[in-house]
Amino acid sequence: MAESIQEINLNNDSPTRDNILITSVDQLVNWTRRSSVWPMTFGLACCAIEMMATGASHYDIDRFGSGPFRATPRQADLMIVAGTVSHKMAPRVKRLFDQMPEPKYVMAMGACTVCGGPYIKHGYHVLKGVDRLIPVDVYVPGCPPRPEALLEGLFRIQDKMKRERVLDRERIGLRPKLLVE
Amino acid sequence: MTPDKVHEILKAKHAQAVSAFDPNPKHPSIKIAPEFWRVVAKTLRDDCGLDYLVSLTAVDRAAELEAIYTLEVMDGARCPIHVRVLVPRDNPLIATVEDIWRTADWHEREAWDLMGITFVGHHNLVRILCAEDWEGHPLRKDYKSPDTYHGIKNNVT
């Protein structure tokens, strides 16, 4: 942010000194947006334990401008799909995703949500990758991923947020796609 | 209540119902013919004092399906006894015992959901783990996973 802000010093004695900053709307909006990523309270299986650890004081996701886990999809920016998605759960996950306001981001956390994980062959009840259901922005592999990995996933989401453009409602080039085979 | 004592009581009351007895000290088991299961269950609870159904599980034995009831005396020494009830695979009917041991309610639903054993007389025999519209009973040996479920491809190639 700092490098893109122009400071205007009209006059050293002016009362407006240090008070006028010029930046672009995109820069400002993206800065605010990526500094307060609100994930949804949404743990499906064992990955949720690591997600809780990431939110707790030792790893402290709040340091990176995220962390108020919201109990409603309508206030959330980021859906961390933490855990095995069963076929029974899939319609609920889809509904929660649909209820989130744009722009919304999805992180597939752990092997199960990435591709089915240990259930890939014999798990009759498991959705083989959450990207068959909802578009995924960032994949975080691991079984379960360590909190550091989840934080790294958050940084990638924030990188993506930096490239958002306010006037581009379609979010060209930023919208992930569903896996279609 | 030792397994031998249970076997003795059952032999005395329902001689034709008991088809096998295995006094294995770790997993003592008694095999009961399915048509006598309800009366035997009442005897097990009332006369043998086995008032706690620890678990109800099911096994696919190819030609037959087997329900295994693990019973214990609630405030006695830990000495579980297994009761095995085998039914033919093409017509797997077992009388319910949900009114004898309350545990059996959900356990019978689970055994029906995953193994397809029908518990006759159960008040609410619907799926408990799989989705309501799931087809088939997944833990049977010949079960094939569906290729798609609600339009989502299920198999990975």
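Above this text sits the structure in question.
All values reported here derive from a predicted model rather than from experimental measurement. Just so you know, the residues in each chain are numbered from 1, in the order the chain's sequence is written. The naming scheme follows written order: chains are lettered A onward, ligands numbered 1 onward. Totals for whole chains, interfaces and linings use every residue, but because this is a predicted model, local features are given only for residues with pLDDT of at least 70 and side-chain atom pairs only at 80 or more, for both listing and counting. Note: side-chain values were computed over all heavy atoms of the structure, leaving out hydrogens and water.

K.L.:
So, the interface of chain B and chain A: which residues are in play, and what are the values?
P.N.:
If you look at the interface, chain B gives 17 residues, while chain A gives eleven residues. Of the roughly 1,200 Å² buried between chain B and chain A on both sides combined, carbon and sulfur atoms contribute 59%. A per-residue breakdown of the area chain B buries against chain A is headed by Ile152(B), Asn154(B) and Val156(B), which together make up 40% of the total. Note on residue categories: nonpolar means Ala, Val, Leu, Ile, Met, Phe, Trp, Tyr, Cys or Pro, charged means Asp, Glu, Lys or Arg, and polar means any other residue, Gly included. Among the residues forming the side of chain B that touches chain A, the class breakdown is twelve nonpolar, three polar and two charged. Contacts between residues were defined by any pair of non-hydrogen atoms, one from each residue, lying within 4.5 Å. Values labelled buried area give the accessible surface lost by two parts on being combined, using a 1.4 Å probe and summing over both.

K.L.:
Please give an account of the sheet that holds strand β5 (residues 81-88) of chain B that cites residues and values.
P.N.:
Paired through their backbone hydrogen bonds, the strands of a sheet run either parallel or antiparallel. All names here are of chain B. In this description, strands pair whenever DSSP reports at least two bridges between them. Only DSSP runs of H or I covering at least 4 residues are called helices, and only runs of E covering at least 2 are called strands; the numbering of each starts at the N terminus. The five strands are arranged β1-β2-β5-β4-β3 in an open sheet whose pairing can be described as mixed. Looking at the sheet topology across the chains shown, the edges are occupied by β1 (18-22) and β3 (52-61). Across the sheet, the mean angle from the axis of one strand to that of its neighbour is 20 degrees, orientation sign disregarded. Note that β1 and strand β2 (residues 29-32) share four bridges and pair antiparallel. Within β2, the position partnered with Val18 by the bridge is Ile32. Relative to β3, helix α3 (residues 104-115) is tilted by about 10 degrees, and along the sheet it contacts β3 and β4 (64-72). Angles here are taken between N-to-C directions and fall from 0 to 180 degrees, while the axes themselves are lines fitted to C-alpha atoms, restricted in helices to the stretch in contact.

K.L.:
Before we move on, could you go through the pairing of β5(B) and cite the residues and values that matter?
P.N.:
Residue and element names in this part refer to chain B. Burial here depends on accessible area, computed with a 1.4 Å probe over protein chains only, as a share of the maximum for the residue type. Under 20% is buried, over 50% is exposed, and the range in between is partly exposed. Counting buried residues along β5, six of its eight residues qualify, which places the element largely inside the surrounding structure. The pairing of β2 with β5 spans four bridges and is classified as parallel. Note on β5: the bridge partner recorded for Ile32 is Val85. Pairing of β4 with β5 involves eight bridges; the strand directions are antiparallel. Bridged to Glu66 within β5 is Leu86.

K.L.:
Now, about the environment of Gln75(A): what can you tell me, with residues and values included?
P.N.:
Residues and elements named next belong to chain A. Tracing the backbone shows Gln75 in the loop between α2 (47-55) and β3 (78-82). Put simply, Gln75 and Pro145 are 70 residues apart on the chain and 25 Å apart in space, counted from C-alpha to C-alpha. Not counting the four nearest positions on each side in its chain, Gln75 is found in contact with Trp38 and Arg70. N or O atoms closer than or at 3.5 Å make up a polar contact, with two conditions inside protein: a donor-capable atom paired with an acceptor-capable one, and, for residues adjacent in sequence, both atoms drawn from side chains. A distance of 2.8 Å separates a polar atom in the side chain of Gln75 from a polar atom in the side chain of Arg70.

K.L.:
Lay out the environment of Gly136(B) in plain terms, naming residues and giving numbers.
P.N.:
Here Gly136(B) is to be found in the loop between β7 (118-120) and β8 (148-149). Apart from the residues lying within four places of it in its own chain, the contact partners of Gly136(B) are Asp113(B), Arg127(B) and Tyr143(B).

K.L.:
Tell me about the nonpolar core, and name the residues and values.
P.N.:
What tends to happen in soluble globular proteins is that the nonpolar side chains get buried as a cluster. Remark: nonpolar core denotes a set of buried residues (Ala, Val, Leu, Ile, Met, Phe, Trp, Tyr, Cys) joined through side-chain atoms within 4.5 Å. Counting residues in each nonpolar core, the largest one holds 34 residues, and the members touching the most others are Ile32(B), Trp37(B), Leu44(B), Tyr69(B), Ile94(B) and Trp101(B). Counting residues per element, the ones that place at least two in this core are α1 (3-13), β2, α2 (37-46), β3, β4, β5 and α3 of chain B. Not counting chain neighbours up to four residues away, the residues in contact with Trp101(B) comprise Trp37(B), Ala41(B), Leu44(B), Arg45(B), Leu50(B), Asp51(B), Tyr52(B), Leu53(B) and Leu71(B). In terms of nonpolar packing, the next biggest core, distinct from the first, is built from 18 residues, Ala76(A), Ala108(A), Val136(A) and Ile152(B) among them.

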